[in-house]
Amino acid sequence: GVFDQPLPVYAAAQASPKVKPSVAEVMADAHPWRTDMPGTQVKDVRLAISLHERVLFINHLFAENPMVFQATVNKVNASQSLDEVVEYIKETFPQWDLDSDLVYRFMMAVRRKIR
């Protein structure tokens, strides 16, 4: 009867499925500072950081070390892409919470320099 015949196998069923990244992998880099509008472009990231923010960043993100802040700003100014800056920050400051308000503010200043 009908049930004795083999079912046809289609090429799509034989092809190996593409491995899609998991939702967690996609969301891992979905930080708001990647997509929010940063404001007018600046030639130096220092111009995008107010004195108040500079004090906050140095005290909370850079362990009260203005030299580390300056070195980071110099690195940002020399960088060609946002991904390059993010990689540097992840390697240099693994303790940073990339979803915190303070990191958001810093990264928005970075984005004013690097589009």
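Residues numbered from 1 in each chain as written. Predicted model: local features only at pLDDT ≥ 70, side-chain atom pairs only at ≥ 80, totals over all residues. Heavy atoms only, no water.

Attention shifts here to the nonpolar core. If you look at the biggest cluster of nonpolar residues, it comprises 28 residues, and the most contacted ones within it are Ile89, Trp96, Phe106 and Met107. Only α4 (51-61), α5 (66-78), α6 (82-92) and α7 (101-113) provide two or more residues apiece to this core. With 7 residues, α7 is the single largest residue contributor to this core. Setting aside chain neighbours within four positions, we find Met107 in contact with Trp33, Leu82, Val85, Val86 and Ile89. (Core = buried A, V, L, I, M, F, W, Y, C linked by side-chain atoms within 4.5 Å. Buried < 20%, exposed > 50% of the residue type's maximum accessible area, 1.4 Å probe, protein only. Helix = DSSP H or I, 4+ residues; strand = E, 2+ residues; numbered from the N terminus. Contact = heavy atoms within 4.5 Å.)

A word on the packing of α4 against α7. Axis separation between α4 and α7 bottoms out at 11 Å; the angle between their running directions is 125°. By the criterion of interaxial angle, the relationship of α4 to α7 is oblique. With respect to the hand of their crossing, α4 and α7 are arranged in left-handed fashion. Judged by residue contacts, His52, Glu53, Leu56, Phe57, His60 and Leu61 of α4 engage Leu102, Val103, Arg105 and Phe106 from α7. (Axes fitted to C-alpha atoms, helices over the stretch in contact; angles between N-to-C directions. Parallel < 35°, antiparallel > 145°, perpendicular 65-115°, else oblique. Left-handed = near helix turned anticlockwise from the far one by under 90°.)

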